[in-house]
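So the chains spell out like this:
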Amino acid sequence: MGFGSAFGESWKDYQTNFWAIMKSIFLILVVPLLLVMTISYFWAHSTGYGALLAEQHDAQQLLLSNLQSLYVSIAESGMSLSEIEVALESAPKDPVLAGIVSKASSVALLSERLDVLKKQLFPYNATTLFLTFIALLFGLLATFGILASAVRKKTFSLRDVWNTGRNVYWKYLGAFVLLFIVLIVIFIVITLLYFSVTQGYLRSQLNSEVLVQAMSGNLQVLIPLLSIIIPYFILILFALAIPAIYWMFVLPLLADGEKSIFTSFGKSFELVHGRWWRLFGVILLSYVFFFILGLIVGGLSLAIEGISGSIVFQLLWTVFSYFVVAPYFVLFCKNLYFVAKKEAHKK
């Protein structure tokens, strides 16, 4: 079995273990998240937080609308921000300027109100965020359990996922956090270095007038920035993909008998060495495939107008991501590991 055949093999594994995967994800991941949502909902609607949340939502929508209207008025005036400041001193009663001032005052008042609401809602938001974080951490047990079970046996059950997930949880979590920290550090360093080099060009292109035009709806003024943004995304893609792919077999190795996290990182590097581009290609193809499916789901949701279409899309994509995309990539990683391991043993 080559890397390319891992696509079909992963779907076979998914079909074989379909109900075990569905039950595991629903009971270990979805149920805790639903419990947090239920607690948050009743907490908000049994206290004053519900009214504050509704007010915050309305204020945010109104602020965005007023900001757009303000920037449109500034763009239509034909004056820069500095010119408007000078004009206000000489002709404060000019109707165009008066309209701009009125909208700017409304934006300032809404911003102040949102700051107050943010402080009032902090206990609710912080608690909800903490509970969601705990639920997601617990939900990782499903992902870890499915991966470890799939490495150890071809067919597994909910009990296998639960028991195996508990046994490998802390070791998997440690490896996962370590890799995450490395990727975050790489991202921050490259971002700081890249924009420190390009900041002169950015400042020349991204001045207040350009921002006003962009916020008023004239996005064409941002086209020159693509010469900076596109290379940045390509650089970030490869900078993160290199370590992520070299260490993608750390978790399968731990499930396959390796006891040390750090040794697993080294052995994963050895397995990927000489196969990086092939692995990058098949992983990229998988992401493209699911991206196209996401576009199809999004296109179907657009057939339903208004907010309901957006809700349908979010719901469908969430369910699809939890129950199809995530477990598929877990099984895909497992099969790629066995292909790389088999090739390495042939040498």
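Owing to the predicted nature of the structure, the values given are computational and were not obtained by experimental measurement.

Trainee: What exactly am I supposed to notice about the nonpolar core here?
Mentor: Where a protein is soluble and globular, its nonpolar side chains tend to be buried together. Tyr172, Ile245, Phe249 and Leu336 are the most contacted members of the largest nonpolar core, which has 61 residues in total. In terms of residue count, the dominant contributor to this core is helix 13 (residues 307-346) (13 residues). Among the nonpolar cores identified, the runner-up in size contains 15 residues, and Leu70, Leu117, Leu121 and Tyr124 belong to it.

Trainee: Would you take a moment to explain the environment of arginine 166 for this structure?
Mentor: Within the fold, arginine 166 resides in helix 7 (residues 158-205). Classification of arginine 166 by relative accessible area gives partly exposed; the value is 47%. In the structure, arginine 166 is positioned 24 residues away from alanine 142 in sequence and 9.3 Å away in space, judged by C-alpha atoms. Among the polar contacts made by the side chain of arginine 166, one reaches the side chain of asparagine 163 at a distance of 3.1 Å.

Trainee: Hey, could you run me through the packing of helix 3 (residues 49-77) against helix 5 (residues 95-120) in this one?
Mentor: The angle between the axes and the distance between the axes are what describe a pair of packed helices. Following both chains from N to C, one finds helix 3 and helix 5 inclined at 155 degrees, their axes separated by 9 Å at the closest point. The orientation of helix 3 relative to helix 5 falls into the category roughly antiparallel. Where helix 3 crosses over helix 5, the handedness of that crossing is left-handed.

Trainee: Is there a simple way to think about the pattern of salt bridges in this case?
Mentor: Two side chains with opposite charge may pair up if their charged atoms get near one another. Tallied over the full model, the rule gives eight salt bridges. Between lysine 341 and aspartate 256 there is a salt bridge, with its nearest N and O atoms 2.6 Å apart. Highlighted residues: lysine 341 in helix 13 and aspartate 256 in the loop between helix 10 (250-255) and helix 11 (261-272), separated in sequence by 85 residues. Here lysine 341 falls in the partly exposed class, since its relative accessible area comes to 24%. Here arginine 275 ties to glutamate 343 by a salt bridge, and the two come within 2.9 Å at their closest N and O atoms.

Trainee: Explain a nonpolar patch on the surface here, please?
Mentor: Side chains of Phe176, Val177, Phe180, Ile181, Ile184, Val185, Phe187, Ile188, Val189, Leu192 and Leu193 sit close together on the surface and give an oily, nonpolar patch of about 980 Å² of accessible area. Here leucine 193 lies in helix 7. Residue classification places leucine 193 among the exposed positions, given a relative accessible area of 54%.

Trainee: Looking at this structure, how should I read the layout of surface pockets?
Mentor: Unoccupied space between atoms shows up once a probe the size of one water molecule is rolled over them. Roughly 1,600 Å³ of volume is contained in the largest pocket. What lines the largest pocket is a set of 41 residues, and nearest its centre among them are Phe176, Leu179, Ala244, Tyr287 and Phe329. Listing elements by their share of the lining of the largest pocket, those giving two or more residues are helix 2 (18-45), helix 6 (122-152), helix 7, helix 9 (226-246), helix 10, helix 12 (276-302) and helix 13. Each residue belonging to the lining of the largest pocket can be placed in one class, and the counts come to 39 nonpolar, two polar and no charged. There is about 430 Å³ of room inside the second largest pocket. When contributions to the lining of the second largest pocket are tallied by element, the ones reaching two or more residues are helix 2, helix 6 and helix 13. Here the residues of the lining of the second largest pocket sort into eleven nonpolar, five polar and no charged.

Trainee: Sorry if this is basic, but what is going on with the side chain of serine 10 here?
Mentor: Mapped onto the secondary structure, serine 10 falls in helix 1 (residues 6-16). The exposure class of serine 10 is buried, given its relative accessible area of 0%. Excluding residues that lie within four positions of it along the chain, serine 10 makes contacts with Tyr328, Leu331, Phe332 and Asn335.

Trainee: Is there a simple way to think about the packing of aromatic side chains in this case?
Mentor: Aromatic ring pairs are defined here through the distance separating the ring centres and the angle between the ring planes. As enumerated under the stated definition, the model contains 35 aromatic pairs in all. Measuring from ring centre to ring centre gives 5.2 Å for phenylalanine 144 and tyrosine 172, while their planes differ by 75 degrees; the resulting arrangement is edge-to-face. Of this pair, phenylalanine 144 sits in helix 6 while tyrosine 172 sits in helix 7, and the two are 28 residues apart along the sequence. Ring geometry for tryptophan 247 versus phenylalanine 265: centroids 5.1 Å apart, planes at 80 degrees, classification edge-to-face. Residue tryptophan 247 is found in the loop between helix 9 and helix 10, and its partner phenylalanine 265 is found in helix 11; the two are separated by 18 residues along the sequence. Residue classification places tryptophan 247 among the partly exposed positions, given a relative accessible area of 24%. Pairwise contacts between aromatic rings join Phe7, Trp11, Tyr14, Phe18, Trp19, Tyr287, Phe289, Phe290, Phe320, Tyr328, Phe329 and Phe332 into one cluster.

Trainee: I tried to follow helix 11 on my own but got confused; where do I start?
Mentor: Residue pairs spaced three or four apart in an α-helix point in one direction, given the helix's 3.6 residues per turn. In this model helix 11 runs 17 Å from its N-terminal to its C-terminal C-alpha over twelve residues, within 8% of the 16 Å that 1.5 Å per residue would give. Among all positions of helix 11, only Ser264, Phe265, Ser268, Leu271 and Val272 are buried. Projected onto a plane normal to the axis of helix 11, the buried residues spread over an arc of 125 degrees and lie on a single side. Exposed residues lying more than 90 degrees from the buried face of helix 11 are Phe262 and Glu270. Capping the start of helix 11, serine 260 holds a side-chain oxygen 3.4 Å from the backbone nitrogen of phenylalanine 262, two or three residues further along. Among the residues trailing helix 11, glycine 274 stands out with phi positive, at a value near 85 degrees.

Trainee: Sorry, what's going on with the environment of phenylalanine 18 here?
Mentor: Looking at where phenylalanine 18 falls in the secondary structure, it is placed in helix 2. Here phenylalanine 18 falls in the partly exposed class, since its relative accessible area comes to 29%. Sequence spacing of phenylalanine 18 and phenylalanine 323 is 305 residues, and the spatial spacing of their C-alpha atoms is 9.5 Å.

Definitions and limits used
Residues numbered from 1 in each chain as written. Predicted model: local features only at pLDDT ≥ 70, side-chain atom pairs only at ≥ 80, totals over all residues. Heavy atoms only, no water. Core = buried A, V, L, I, M, F, W, Y, C linked by side-chain atoms within 4.5 Å. Buried < 20%, exposed > 50% of the residue type's maximum accessible area, 1.4 Å probe, protein only. Helix = DSSP H or I, 4+ residues; strand = E, 2+ residues; numbered from the N terminus. Polar contact = N/O pair within 3.5 Å; in protein donor to acceptor, adjacent residues only side chain to side chain. Axes fitted to C-alpha atoms, helices over the stretch in contact; angles between N-to-C directions. Parallel < 35°, antiparallel > 145°, perpendicular 65-115°, else oblique. Left-handed = near helix turned anticlockwise from the far one by under 90°. Salt bridge = Lys/Arg side-chain N within 4 Å of Asp/Glu carboxyl O. Patch = residues over 30% accessible without salt bridge, like charges linked within 9 Å, V, L, I, M, F, W, Y side chains within 5 Å. Areas by Shrake-Rupley, 256 points an atom, 1.4 Å probe, with all protein chains shown as cover. 1 Å grid on protein atoms, 1.4 Å probe; cavity = no way out; pocket = protein on both sides within 12 Å on 5 of 7 lines; lining within 4 Å. Points joined across faces, edges and corners; volume = space filled by probe spheres on them. Nonpolar A, V, L, I, M, F, W, Y, C, P; charged D, E, K, R; others polar. Contact = heavy atoms within 4.5 Å. Phe/Tyr/Trp six-rings, centres within 6.5 Å; stacked < 30°, edge-to-face > 60°. Expected span 1.5 Å × (residues − 1). Arc of directions from axis to C-beta.

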